[in-house]
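Here is what each chain is made of, one letter per residue.
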Amino acid sequence: MKIASVIVDVPTKQTDREFDYLIPEQWLETIQPGMRVIVPFGPRKIQGFVTEIKGESEFKKLREISEPMDLEPVLNKELLELGNWLTENTLCFKIYAYQAMLPAALKAKYEKKVKLSLGVTLNDLPAALHEVFEKGEEILWEDALKNGLVPILQREAAKGLLEVIYLVKGKLNKKKLRFVSPLLSPADLEAELNALPLRAQKQKDALRYFVHTPEPIELRQLSTDLKISAATVRALVEKGLLTEQDKEVYRDPYENRTFTRTEPLPLTTDQQEAMGPILGSIENKLHEVFLLYGVTGSGKTEIYLQSIQDVIEKGKEAIVLVPEIALTPQMVNRFKGRFGNLVAVLHSGLSAGEKYDEWRKIQRKEVKVVVGARSAIFAPFENLGIIIIDEEHETSYKQEEMPRYHARDVAIERAQKYNCPVVLGSATPSLESFARAQKGVYKLLSLPNRMNQRALPAVEIIDMREELREGNRSMFSRKLLELLKGRIDRKEQSVLFLNKRGHSSFVMCRDCGYVMNCPNCDISLTYHRVHEQMKCHYCGFESHVPTQCPECSSDYIRYFGTGTQKVEDELGKILPEARVIRMDVDTTGKKGSHERLLKEFHEGKADILLGTQMIAKGLDFPNITLVGVLSADTMLHLPDFRSSEKTFQLLTQVSGRAGRHELPGEVIIQTYTPEHYSVELAGTQDYDLFYNREMMMRKAHHYPPFYYLALITVSHEQLITVVGATEKITAFVRSRISNQAVVLGPAASPIPRINNRYRYHCLIKYKREPELSKTLKAILDQYQNDPKSGLLVSIDVNPYILM
DNA sequence: CTTGGGGACCAC
DNA sequence: TGGTCCCCAAGT
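Treat the numbers as computed from the prediction; the structure is a model and nothing was measured. (Residues numbered from 1 in each chain as written. Chains lettered and ligands numbered in written order. Predicted model: local features only at pLDDT ≥ 70, side-chain atom pairs only at ≥ 80, totals over all residues. Heavy atoms only, no water.)

For the rest of this paragraph, the subject is a positive patch on the surface. Side chains of Arg 473, Arg 510, Arg 558, Lys 566 and Lys 573 sit close together on the surface and give a patch of like positive charge. Along the polypeptide, Arg 558 turns up in strand β26 (residues 557-560). (Patch = residues over 30% accessible without salt bridge, like charges linked within 9 Å, V, L, I, M, F, W, Y side chains within 5 Å. Areas by Shrake-Rupley, 256 points an atom, 1.4 Å probe, with all protein chains shown as cover. Salt bridge = Lys/Arg side-chain N within 4 Å of Asp/Glu carboxyl O. Lys, Arg positive; Asp, Glu negative; His and termini not counted. Charge placed at Lys NZ, Arg CZ, Asp CG, Glu CD. Helix = DSSP H or I, 4+ residues; strand = E, 2+ residues; numbered from the N terminus.)

This is the structure we're talking about:
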């Protein structure tokens, strides 16, 4: 038992396996599977994950582990195994799988430095280097590169005067505070106190304090409270009366917040019926997947809360996933309010340090519940009792980088191990999940009614073509404008929703139709008013806004599409009295501004909340009685088989923001395609009908849930090369797949070029292909590790974005 | 005969 | 990924 198998932090095909290392004597007791270690790899030192401890190795010339990076494993046995599952299912490198499970703060950073060899002094070096090594004995390789010192350094290194060292920076700044506590009993302290000389008043003060309160206290606190210095305390420590120690403390992002404790609410009959099977599954330790299908405002969250309550009472733990944009303070409050400090929150708004601290609470079993976005599915619990995924249909649960996992799949995989239920909640379930519920793979639980029997808001669909025909060229229909005015008069609030995705503000010449495109990527540039610039969203290319058309020199070159900024400007013109809060990436960039803006709106400091996707979810303010969707169909025409589904879900979600409390709500949906079923049925809020219509479409076109998908994307700087390679790959897939499957391609990707690389696709639609995984792996084997060809091949199993 | 650039291969 | 080893071609 002295050899460790290690997955090293080198993401390549050839190193995507275990390497064996000897465990040095002094670490024999320490090193365990799941720990991060620093290991020598070739000439450098890198991070690795210990996956196994074993007695012997095939490999003869083993090297030793340099040092452990953790005192306890950061991955438990279950997560280590889950890593294998992720690797298999998403075709990623093991190292990516493990890194995805940990907070970013635990990812190693590397430093390469040059320093003087032992016993070498400045004078041994050529004069040119004296200045360089004057300050310290080491310099960063990067700096050497910048200053063109590499050749000289190499020369001296060859002579043995200098050496290159590699550092793995895994040191975490755990926030530590110094605490002071007494070493003696109060009575003994009292005696010592009296023995102190008269002039040691400050020391006496300190001891007197500890006679009364023997608990540890933070040094800073003690010295401000008693107006004594740290030196005074030090003196007492040296006399052996007190002791100092560093304690790890957490950066608590919710430190200065108080959460009103809530008690479980009485459930409606509907809720009780829906919760019964979940509790049954918890009770009987059964792994089951429930689809909790409940209209907006039907009280799903209370079911989550009470199920979790039950799980906690059984001494187990719960993971709650929420889409990133819905991780609002409101949502956090509900969980913190019910479970207090048993809750850890993980979302992208936290700093790396804060995220790490929240994760530590989980690791140290100090919390029982995690509420977080996608990656919280990897919370290192060891006794899971339930996993809840709210807004199950959200596409943000699919990670688009390696490992390309879907949190729902990971949830089910983990829940199976723990024999516990998974609850998928949604008002507009994804077709995949609803279909599974219909087939009985998932158990369907329905909440058909809003709590307190509030009617769903009245929805009216406005045909914007009609408006245009009647001479209204603004982006607000007459009806919407009239209703907005009414709300302002009545001091009620409105929400205006703009779906910017699809056609954001681009620049087009009205004379010749020229559209400003990115020179590197085949997509139009987006206009940003803040810097008066055109930007490419894919490669970051920036350019000035033209005043003249580059093609025909016309001055008549204008912005098209409607950004939130433009809507705000126009609102200012036609409704100057309206107070507007705008929420989009530009106004919520800074930490906490999201929360601040919502608070202002909640306090009635504005009449209209104008925003993008981020306001579609979780808003629950009593005074909102009007929701306006400015253009319902912007995402409808994206080249994506899910665009109808997304449109329907989004419109339904947004509509649900209105009239959630006493005041009844109204919804206006403006559209250029009122006849499209996803718009029409969002108007009547008829999910079941939508489901049936959409299922027919999916069946007809061989899409999920009838077929599984796998997408192969190939890119290269040369068009001919991509096409050739994609043709080969496509032919290879065709030759290895049954005739039940459909293989599309080679075809140009919907974004045919990004960053000067042409992109081609091969899309595989299949039902059951046991050999497919092997085929895909073979393709990766062939192309993934072939940098000389310049080809990049990526494979997304169950893709959510087909671009 | 040196120098330097590029590709193949390896790492435990 | 970073490094080294090895080969080949151009330069002294």
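Now for the protein's contact with DNA strand C. Every residue close to DNA strand C is listed here: Val 10, Thr 12, Gln 14, Pro 43, Arg 44, Lys 112 and Tyr 166. If you look at DNA strand C and keep only atoms within 4 Å of the protein, 53% of those are sugar or phosphate atoms. Here a phosphate oxygen of DNA strand C and a side-chain polar atom of Lys 112 are 2.9 Å apart. The side chain of Tyr 166 places a nitrogen or oxygen atom 2.3 Å from a phosphate oxygen of DNA strand C. Looking at side-chain class alone, the surface near DNA strand C contains three nonpolar, two polar and two charged residues. (Near = heavy atom within 4 Å. Polar contact = N/O pair within 3.5 Å; in protein donor to acceptor, adjacent residues only side chain to side chain. Nonpolar A, V, L, I, M, F, W, Y, C, P; charged D, E, K, R; others polar.)

Quick look at the nonpolar core now. Leu 75, Ile 377 and Leu 609 are the most contacted members of the largest nonpolar core, which totals 88 residues. Take this core: its biggest share by element is six residues, from helix α14 (residues 407-418). If we ignore the near neighbours within four places in the chain, the residues touching Ile 377 are Ile 319, Leu 321, Ile 387, Tyr 405, Ala 407, Val 410, Ala 411 and Arg 414. Val 320, Val 343, Val 345 and Val 369 belong to the second largest nonpolar core, which has 29 residues in total. (Core = buried A, V, L, I, M, F, W, Y, C linked by side-chain atoms within 4.5 Å. Buried < 20%, exposed > 50% of the residue type's maximum accessible area, 1.4 Å probe, protein only. Contact = heavy atoms within 4.5 Å.)

Attention now goes to the sheet that holds strand β34 (residues 792-797). Pairing within the open sheet is antiparallel, and its four strands lie in the order β32-β33-β31-β34. Here the strands that pair on one side only, and so sit at the sheet edges, are β32 (742-754) and β34. The sheet shows a mean angle of 20 degrees between the axes of neighbouring strands, taken without regard to direction. As paired strands, β32 and strand β33 (residues 757-766) are joined by seven bridges and run antiparallel to one another. Following the sheet pairing, Ile 754 is matched in β33 by Arg 757. (Pairing = 2+ DSSP bridges. Axes fitted to C-alpha atoms, helices over the stretch in contact; angles between N-to-C directions.)

Turning our attention to the environment of Pro 126. Within the fold, Pro 126 resides in the loop between β7 (109-116) and α3 (127-134). Given the relative accessible area of 29%, Pro 126 is considered partly exposed. It is 57 Å that separates the C-alpha atoms of Pro 126 and Gln 203, two residues lying 77 residues apart in sequence.

Next up on the list: unusual backbone geometry. The omega torsion of the bond from Met 402 to Pro 403 falls at -5 degrees, within 30 degrees of zero and hence cis. Along the chain, Pro 403 falls in the loop between β17 (384-389) and α14. Here the bond from Gly 745 into Pro 746 is cis, since omega is 0 degrees, no more than 30 degrees from zero. Phi is positive for Lys 285, close to 50 degrees, though the residue is something other than glycine. Examined against the element boundaries, Lys 285 turns out to sit in the loop between α10 (269-283) and β13 (289-294). A relative accessible area of 52% means that Lys 285 is categorised as exposed. Despite not being glycine, Gln 685 shows a phi value in the positive range, around 55 degrees. Looking at where Gln 685 falls in the secondary structure, it is placed in the loop between α21 (677-684) and α22 (687-700). Its relative accessible area of 18% is what places Gln 685 among the buried residues.

Once that is clear, we can look at helix α15 (residues 431-439). By the burial criterion, the buried members of α15 are Leu 431, Glu 432, Ser 433, Phe 434, Ala 435 and Ala 437. At its buried positions, α15 is contacted by β13, α14, β18 (422-426), β19 (443-447), α20 (643-655) and α22.

A few words now on the protein's contact with DNA strand B. Lining the immediate surroundings of DNA strand B are 14 residues, of which Asp 20, Tyr 21, Phe 41, Phe 59 and Arg 63 lie closest. Asp 20 is positioned with one of its backbone polar atoms (N or O) 2.4 Å from a sugar or linking oxygen of DNA strand B. Here a phosphate oxygen of DNA strand B and a side-chain polar atom of Arg 63 are 2.2 Å apart. With three residues, strand β2 (residues 18-22) is the largest single contributor of residues to the surface near DNA strand B. When grouped by side-chain class, the residues that make up the surface near DNA strand B number six nonpolar, three polar and five charged.

With respect to topology, three strands assemble into an open sheet ordered β8-β7-β9, the strand pairing being antiparallel. The open sheet has two edge strands with one neighbour each: β8 (138-140) and β9 (162-169). Pairwise comparison of adjacent strand axes, ignoring direction, gives a mean angle of 35 degrees for this sheet. Pairing of β7 with β8, which is carried by three bridges, proceeds in the antiparallel orientation. Pairing of Lys 113 across the sheet is with Leu 140, part of β8.

This model, assessed by the stated rule, comprises 44 salt bridges. For the salt bridge of Arg 220 with Glu 218, the shortest nitrogen-to-oxygen distance reads 3.9 Å. Where Lys 398 meets Asp 796, a salt bridge forms, and the shortest distance between an N and an O atom there is 2.7 Å. You can see Lys 398 sitting in the loop between β17 and α14 and its partner Asp 796 sitting in strand β34, a full 398 residues away along the chain.

Summed over the entire model, instances satisfying the criterion amount to two cavities of 30 Å³ or more. Considering only enclosed or pocket space, the largest cavity measures out at about 50 Å³ in volume. Taken together, His 393, Thr 395, Ser 430, Glu 432, Arg 642, Glu 645, Lys 646, Gln 649 and Tyr 800 make up the lining of the largest cavity. Broken down by element, the lining of the largest cavity gets its largest block of residues, three residues, from α20. Of the residues in the lining of the largest cavity, the class split is one nonpolar, four polar and four charged. (1 Å grid on protein atoms, 1.4 Å probe; cavity = no way out; pocket = protein on both sides within 12 Å on 5 of 7 lines; lining within 4 Å. Points joined across faces, edges and corners; volume = space filled by probe spheres on them.)

All right, on to the pairing of β18 then. For a regular strand, side-chain orientation follows a simple rule: the groups alternate between the two sheet faces. Within β18, five of the five residues are buried, leaving the element largely enclosed by the surrounding structure. The alternating pattern of β18 places Val 422, Leu 424 and Ser 426 and Val 423 and Gly 425 on opposite faces, both of which are buried. In this sheet, β18 lies alongside β13 in parallel orientation, the contact comprising five bridges. Bridge pairing in β18 links Leu 292 to Gly 425. Bridge count between β17 and β18: three bridges; the pairing is parallel. Note that in β18 the partner of Ile 389 across the bridge is Leu 424. Handedness of the crossover joining β17 and β18 through α14: right-handed. (Right-handed = clockwise from strand over helix to strand, strands pointing away.)

Once that is clear, we can look at helix α23 (residues 719-735). With 17 residues, α23 extends 24 Å from end C-alpha to end C-alpha; this agrees with the ideal 24 Å at 1.5 Å per step. All of the buried residues in α23 are Val 722, Ala 725, Thr 726, Ile 729, Thr 730 and Val 733. Burial along α23 is one-sided: seen end-on, the buried residues are contained in an arc of 135 degrees. The exposed residues of α23 that point more than 90 degrees off its buried face are Ile 720, Lys 728 and Ser 735. Tucked into the core, α23 has its buried residues touching β31 (708-716), β32, β33, α24 (772-783) and β34. (Expected span 1.5 Å × (residues − 1). Arc of directions from axis to C-beta.)

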